[in-house]
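What follows is the residue order along each chain.
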Amino acid sequence: MSATASIEQRRWRRFTPRQRLARFAVYLTLVVAIVLSARTVEVIPEFLYDAPEQMRDLLERMWPIAWSHYPKGVHEALVETLHIATLGTLIALVMALPVGLMAANNVVPNRVVNYLAKLVLVSSRSVNSLVWALLFVAVFGPGALAGTLAIAFRSVGFVGKLFGEALEESNRGTIEALEATGAPWSSRLAWGYWPQVKPAFWSIALFRWDINVRESAVLGLVGAGGIGMALDTALNLFQWDRVAMVLFSIFSVVVVAEIIVTQIRKKIL
Amino acid sequence: MNAASTALSVRGLVKEYVRGKKVLDGITIDFAASGLSAVIGPSGTGKSTLLRCVNRLVEPTAGQIHFGGRDIAPLKGRALREARREIGMVFQEYNLVERLSVMENLLSGRLGYTPAFKAWLRRFPQEDIDRAFALLDQVGLGSFANQRADALSGGQRQRVGIARAVMQRPKLLLADEPTSSLDPKTSVEIMGIMRDLGREHGIPVIVNMHDVELAKRFADRIVGMSGGRIVYDGPPDGLTDDVLKTIYGGESWLAG
């Protein structure tokens, strides 16, 4: 016992003084940022006090929901939205496959090609679906075609990036073994990489379809077809009961899409 | 050793991963066209690098590798692939395509000979399929053809790995620590399978290994490496304690 007592007590701290200082700085910055932004937002107090009443008023106008509006005003637009989402996702998959392959350094060991592919993917993602839709409405005119292409061009970046990353994470040993058998590049791709990334690929595709169902619902606001157009019309005419009908339809479709995606994912993974 | 009975002839092989640091320091060695040779030595001494230089999974820095009547060290592209398909390789971590069936894993040994579009459609000549079934029987996995590789145990996976390599009809079989991830009993079985298949199909086998006793038991020839050089080359009987000290250094581990 006396032997242990004579040993100098050793201290252990989770963070070094420097790390503690850095952490304090981060917290301080956070607080300052919140205070500063709260001052810049310029809330108008009258509107804020008024908000609950306005909200109640809005909900009263929305109720009862105009169910009868569905068959003639909503159904067709809803189906068009699903078409835009599905076709847009399919086009995106076709475009994302080669770009994703080119972005993965282990598949195409050429830095220039990798960076070009990544540039394409980043450009696709840096533009919001609504902005893509505005561009395509300008080119092709309003309608479902513009919406479909907007969805496709926005999704390429998402699918391509995740697909490329899945490729880069695939097991090197398996590829090495196929290389050792003298398999050509295309066979290594089909036999080595594809089986490894197949579940990830379909999972990404389903996930993106799920997102696209939601995104295509608002594209109509800028004239790119789908249920968003029905929503836009109802909003502009202050037909709040019809707005409620449209919102309810979108909600139902999103829930159903979610259920379908979860079920399929369970099967393939 | 004359040319006809030599399968592989390595001349002055040097490998530097980092400039100036020789992992292989001028290896010169011949391997006969039959028999099982074991390469032993401490970890990090270049055994694995030597094997991987032979089929060019690792690029040699200097030296020649004579195989099939030519120097394969400078080969590129198609010529390299054609050389590789005549050299089978077995890996420590098996390196199977986990999500494909056992049969597909065996057929992947034929990818070097099969046009890509036929491989993609899984259209292989009947003789390849017959050979695959025969090999599965030989390694004791006759009823596993349609199992997925990731459903197999380590020993079973390594049997598939060996069968895949033999599917190539190789003129040389390399095995990089094939038993290091396996239990002692399975290790003995795997070594037995490699020796027997090598004999039956007339394929010379070169195995890297840690286990000196296992090497003595199965090898016709032992090559001891230390510090990137060959320090012993001879029959298993010649592996005296003195020789083992030269290979591994120290002696405290040579108990009794």
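Model, not experiment: these values are computed from the prediction. (Residues numbered from 1 in each chain as written. Chains lettered and ligands numbered in written order. Predicted model: local features only at pLDDT ≥ 70, side-chain atom pairs only at ≥ 80, totals over all residues. Heavy atoms only, no water.)

## Section: the interface of chain A and chain B
Interfaces are frequently sized by the accessible area removed from exposure as the parts join.
Part 1 of the argument: Taken together, the 19 residues of chain A in the interface contact 27 residues of chain B.
Part 2 of the argument: Buried surface at the junction of chain A and chain B, summed over both partners, amounts to about 2000 Å²; 63% is from carbon and sulfur atoms.
Part 3 of the argument: The interface formed by chain A and chain B holds one salt bridge in total.
Part 4 of the argument: Where Arg52 of chain B meets Glu176 of chain A, a salt bridge forms, and the shortest distance between an N and an O atom there is 2.8 Å.
Part 5 of the argument: At the junction of chain A and chain B, the tally comes to five residue pairs in polar contact (both at pLDDT 80 or more). (Contact = heavy atoms within 4.5 Å. Buried area = accessible area lost by both parts, 1.4 Å probe. Salt bridge = Lys/Arg side-chain N within 4 Å of Asp/Glu carboxyl O. Polar contact = N/O pair within 3.5 Å; in protein donor to acceptor, adjacent residues only side chain to side chain.)

## Points about the pattern of salt bridges
Part 1 of the argument: Going through the model one piece at a time under the given rule, you end up with 25 salt bridges over all chains.
Part 2 of the argument: Across the salt bridge formed by Arg172 of chain A and Glu179 of chain A, the nearest N and O atoms sit 3.7 Å from each other.
Part 3 of the argument: A relative accessible area of 45% places Arg172 of chain A in the partly exposed class.
Part 4 of the argument: Taking the shortest distance from any N to any O, the salt bridge between Arg52 of chain B and Asp176 of chain B comes out at 3.2 Å. (Buried < 20%, exposed > 50% of the residue type's maximum accessible area, 1.4 Å probe, protein only.)

## Section: the layout of surface pockets
Part 1 of the argument: Roughly 280 Å³ of internal volume is contained in the largest pocket.
Part 2 of the argument: Taken together, the elements giving at least two residues each to the lining of the largest pocket come down to α8 (172-180) and α9 (185-219) of chain A together with α2 (77-84) of chain B.
Part 3 of the argument: One number sums up the size of the second largest pocket: a volume of about 180 Å³.
Part 4 of the argument: Forming the walls of the second largest pocket are Thr6, Ala7, Leu8, Ser9, Ala33, His66, Phe67, Gly68, Gly69, Lys171, Gly202 and Pro204 of chain B.
Part 5 of the argument: Elements supplying a minimum of two residues to the lining of the second largest pocket: β1 (6-18) and β4 (62-67) of chain B. (1 Å grid on protein atoms, 1.4 Å probe; cavity = no way out; pocket = protein on both sides within 12 Å on 5 of 7 lines; lining within 4 Å. Points joined across faces, edges and corners; volume = space filled by probe spheres on them. Helix = DSSP H or I, 4+ residues; strand = E, 2+ residues; numbered from the N terminus.)

## Some remarks on helix α5 (residues 111-126) of chain A
All names here are of chain A.
Part 1 of the argument: Between its terminal C-alpha atoms α5 stretches 22 Å, which fits the 22 Å expected from 16 residues at 1.5 Å a residue.
Part 2 of the argument: If you check which residues of α5 are buried, you get Asn114, Ala117, Leu121 and Ser124. Summarising the axial view, the buried residues of α5 lie within an arc of 95°, below the 170-degree limit, and thus occupy one face. For α5, exposure combined with an orientation more than 90 degrees from the buried face picks out Arg111, Val112, Tyr115, Leu116, Leu119 and Ser126.
Part 3 of the argument: Summarising the contacts, the buried residues of α5 are in contact with α4 (69-103), α6 (129-140) and α7 (144-168).
Part 4 of the argument: In this structure Asn110 caps α5, since a side-chain oxygen of it lies 3.0 Å from the backbone nitrogen of Val112. (Expected span 1.5 Å × (residues − 1). Arc of directions from axis to C-beta.)

## Quick notes on the packing of helix α3 (residues 45-62) of chain A against helix α11 (residues 240-268) of chain A
All names here are of chain A.
Part 1 of the argument: Relative orientation of the contacting elements α3 and α11 amounts to 80°, with a least axis distance of 7 Å. The angle between α3 and α11 falls in the class roughly perpendicular. Where α3 approaches α11, its residues Leu58, Arg61 and Met62 are matched on the opposing element by Trp240, Asp241, Val243, Ala244 and Leu247.
Part 2 of the argument: Its residues assigned to classes, the contact of α3 with α11 comprises six nonpolar, no polar and two charged. (Axes fitted to C-alpha atoms, helices over the stretch in contact; angles between N-to-C directions. Parallel < 35°, antiparallel > 145°, perpendicular 65-115°, else oblique. Nonpolar A, V, L, I, M, F, W, Y, C, P; charged D, E, K, R; others polar.)

## Here's the deal with the sheet that holds β4 of chain B
Residue and element names in this part refer to chain B.
Part 1 of the argument: Pairing is antiparallel across the open sheet formed by four strands, whose spatial order is β2-β1-β4-β5. The open sheet has two edge strands, β2 (21-32) and β5 (70-71), and neither has a second partner.
Part 2 of the argument: Across the sheet, helix α1 (residues 47-54) is in contact with β1, β2 and β4; its angle to β1 comes to roughly 120°. (Pairing = 2+ DSSP bridges.)

## Observations concerning the domain arrangement of chain B
Residue and element names in this part refer to chain B.
Part 1 of the argument: Taken as a whole, chain B is organised into domain 1 (1-86 + 170-256) and domain 2 (95-169).
Part 2 of the argument: Computed over C-alpha atoms, the centres of domain 1 and domain 2 are 25 Å apart.
Part 3 of the argument: With 17 residues of domain 1 at the contact, the number on the domain 2 side is 15 residues.
Part 4 of the argument: Contact between domain 1 and domain 2 buries roughly 1400 Å² in total, counting both sides, with carbon and sulfur atoms accounting for 64%. (Domains from an automatic or database assignment.)

## Observations concerning the side chain of Thr174 of chain A
Part 1 of the argument: Structurally, Thr174 of chain A can be placed in helix α8.
Part 2 of the argument: Side-chain polar atoms of Thr174 of chain A contact the side chain of Asn171 of chain A, separated by 3.2 Å.
Part 3 of the argument: From its side chain, Thr174 of chain A meets the backbone oxygen of Leu96 of chain B in a polar contact 3.1 Å long.

## Here we look at the environment of Arg61 of chain A
Part 1 of the argument: When you line up the elements, Arg61 of chain A lands in helix α3.
Part 2 of the argument: Measuring from C-alpha to C-alpha, the distance between Arg61 of chain A and Ala244 of chain A comes to 9.2 Å, with 183 residues separating the pair along the chain.

## Topic: empty space enclosed by the protein
Residues and elements named next belong to chain B.
Part 1 of the argument: Scanning the model with the defined rule gives three cavities of 30 Å³ or more in all.
Part 2 of the argument: One number sums up the size of the largest cavity: a volume of about 40 Å³.
Part 3 of the argument: Lining the largest cavity are Leu8, Val10, Ile29, Phe31, Leu50, Leu51, Val54 and Ile206.
Part 4 of the argument: In terms of residue count, the dominant contributor to the lining of the largest cavity is α1 (three residues).
Part 5 of the argument: A per-class count over the lining of the largest cavity returns eight nonpolar, no polar and no charged.

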